[in-house]
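# Examining the three-dimensional arrangement
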Amino acid sequence: MAERPLSPHLSIYRFGYTMSLSILHRITGVALSVALIAGILWLLAAAGGAQDYGRALTVLASWPLKIAFALALIAQVYHLCNGLRHLAWDAGWGFERAAAKRSALIVIAAAVVLAAICLYVAFCPAVRS
Amino acid sequence: MSLRTPLSRVLNHGAAHDGVSHWWIERITALALVPLSVWLIIALLRLPLADHASVTAWIAAGLNPVFLGLFVLLACWHSHLGIQVVVEDYVHAPALKTATLLLSSAVHLLLIAAGLYALLHIALRGAA
C-alpha cells in the first residue's frame, strides 16, 4: 500500500505562546475531571450526615488537599475564560492571527485577576463571614 | 471514486454515522456550564463549607438542587466528551484505548448516579 499522507506533527510548527494556552486548556480540563470526582465525593459526604461530613472535613482541611482545591479553582477559572474564547472561535469570531493573540492575552489577564480574587475570598478568613 | 451513496453524502454523517454530534454536544454543554459554573463558584465561596448544617441547608434550598443536578449531569457529560478526545489522541494501542474509554464511561456514569443520589438524599430529607 502506498504511503498515506499524515497530518503535520506538532514539532514542525514554530512555537507561539497561543500554543501554551491550547495545551493548558487540555491539562486544566483533565484536572477538572479529577476535581469533579472530588466534588461528587463531597456531595456524598454531605448526604451521609454530620458525622461522615466531619470525617471528610478532616481530610479536606489537610494542606495537600487545600493546595489541590486552590489548583482546581485556578484550573476552573482558566478553563472557563479560555472556554469562552473557544466558543467565540466556534461562532466564527476572532480567528485572525492578531485577534487570536490579543484574545490569548485577555484570557491570561482575566484568569489571573479572577483566580486571585477567588483564592483571596476562599483562603482569607476575614472576608468570609 | 467515492464508495459512499448519494444519501450518505447528503446526510453528511461520515463513516461513523453520527456526524458532528460529539463536537456539537461538547459545545452545548460548555455553553450551559458557563452560567452554572459561575453561579456554583460564587455560591461555594460564600458558603461556610466546614458547617454541615449550612451546607445541606443551601443544597436543599429553593431551586438549588435543580441547578446542582443540572451541573452534575452537564459537567459529567462535558468531562466524558473531553476525556474521550484526550484518550483518542494519546492512547494508540487499540485494546488499551478501548479499555480506557470504557473505564472513563463507567466512571462518568457512576459520578452522575452518585451525584444525583446525594442531591436527592439531601433535598428530600426534609420532605420525607
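Computed from a predicted model, the values in this text were never measured in an experiment.

Counting its secondary structure elements, chain B contains five helices and zero strands. Going from the N terminus to the C terminus, chain B shows its helices and strands as α-α-α-α-α. Over its C-alpha trace chain B gives a radius of gyration of 20 Å, far above what one expects of a compact globule, namely 14 Å for 128 residues. Across its three principal directions, the C-alpha atoms of chain B cover 70 × 30 × 30 Å. Split into buried and exposed, the 128 residues of chain B put 20% on the buried side. Of all intrachain contacts in chain B linking residues separated by at least 6 positions in sequence, the fraction that spans at least 24 positions is 68%.

By size, the foremost hydrophobic cluster in this structure holds 32 residues, and its most contacted members are Leu36 and Ala46 of chain A together with Ala75 and Leu119 of chain B. Going through the elements one at a time, helix H1 (17–47), helix H3 (63–90) and helix H4 (97–123) of chain A together with helix H2 (21–46), helix H3 (52–60), helix H4 (64–90) and helix H5 (94–124) of chain B are the ones with two or more residues in this core. For this core, the leading source of residues is H1 of chain A, giving nine residues. Not counting chain neighbours up to four residues away, the residues in contact with Leu119 of chain B comprise Leu43 of chain A together with Ile59, Pro65, Leu68, Gly69 and Val72 of chain B.

This next bit is on the interface of chain A and chain B. Contacts between the two partners involve 24 residues from chain A, matched on the other side by 26 residues from chain B. For the side of chain A that touches chain B, the secondary structure elements donating two or more residues are H1, helix H2 (50–60), H3 and H4 of chain A. In terms of residue count, the dominant contributor to the side of chain A that touches chain B is H1 of chain A (11 residues). Here the residues of the side of chain A that touches chain B sort into 17 nonpolar, four polar and three charged.

Under the 1.5 Å per step criterion, the end-to-end length of H1 of chain A is 44 Å for 31 residues, consistent within 8% with the ideal 45 Å. For H1 of chain A, the set of buried residues is Leu21, Thr28, Gly29, Leu32, Ser33, Ala35, Leu36, Ile40, Leu43, Ala45, Ala46 and Ala47 of chain A. Where the residues of H1 of chain A are buried, they touch H2, H3 and H4 of chain A together with H3, H4 and H5 of chain B. Phi turns positive one or two residues past the end of H1 of chain A, at Gly49 of chain A, with a value near 110°.

Here we come to the confidence of the model for chain B. Put simply, chain B has an average pLDDT of 91, and 93% of its residues get 70 or more. Interface confidence for the predicted complex, given as ipTM, is 0.88, next to a pTM of 0.88.

This brings us to the packing of H1 of chain A against H4 of chain B. Running from amino to carboxyl end, H1 of chain A crosses H4 of chain B at an angle of 135°, the nearest separation of the two axes being 10 Å. Considering the angle they form, H1 of chain A stands oblique to H4 of chain B. Handedness of the H1 of chain A/H4 of chain B crossing: left-handed. When H1 of chain A is examined against H4 of chain B, the residues Arg26, Gly29, Val30, Ser33 and Leu36 of chain A are found in contact with a partner set consisting of Ala75, Cys76, Ser79, Gly82, Ile83 and Val86 of chain B. For the contact of H1 of chain A with H4 of chain B, the residue count by class is six nonpolar, four polar and one charged.

Reading the values: the criteria
- Sequence order as written defines the numbering, with residues in each chain counted from 1.
- Lettering of chains starts at A and numbering of ligands starts at 1, both following the order in which they are written.
- Totals for whole chains, interfaces and linings use all residues, but because this is a predicted model, local features are given only for residues with pLDDT of at least 70 and pairs of side-chain atoms are given and counted only at 80 or more.
- Helix numbering and strand numbering both begin at the N terminus, where a helix is a DSSP run of H or I of at least 4 residues and a strand a DSSP run of E of at least 2.
- We take the radius of gyration over the C-alpha atoms and set the globule estimate at 2.2 Å times the residue count to the 0.38 power.
- Think of it as a crowd count around each C-beta: if 20 or more other C-beta atoms lie within 10 Å the residue is buried, if 12 or fewer it is exposed, and in between it is partly exposed, with C-beta placed from the backbone throughout.
- Once C-beta atoms have been placed from the backbone, residue pairs whose C-beta atoms lie within 7 Å are recorded as contacts.
- In these notes, a nonpolar core means any group of buried Ala, Val, Leu, Ile, Met, Phe, Trp, Tyr and Cys residues linked to one another through C-beta atoms within 7 Å.
- In this classification, Asp, Glu, Lys and Arg are treated as charged, Ala, Val, Leu, Ile, Met, Phe, Trp, Tyr, Cys and Pro as nonpolar, and every other residue, Gly included, as polar.
- Helices are assigned an expected span. That span is 1.5 Å times one less than the residue count.
- On a scale of 0 to 100, pLDDT captures the predictor's confidence in every residue.
- Note on method: axes are straight lines fitted to C-alpha atoms, helices fitted across the in-contact stretch only, with angles between N-to-C directions ranging 0 to 180 degrees.
- Here roughly perpendicular refers to angles of 65 to 115 degrees, roughly parallel to angles under 35, roughly antiparallel to angles over 145, and oblique to all remaining angles.
- Put simply, a crossing is left-handed when the front helix is turned counterclockwise from the back one by less than a right angle, and right-handed when it is turned clockwise.

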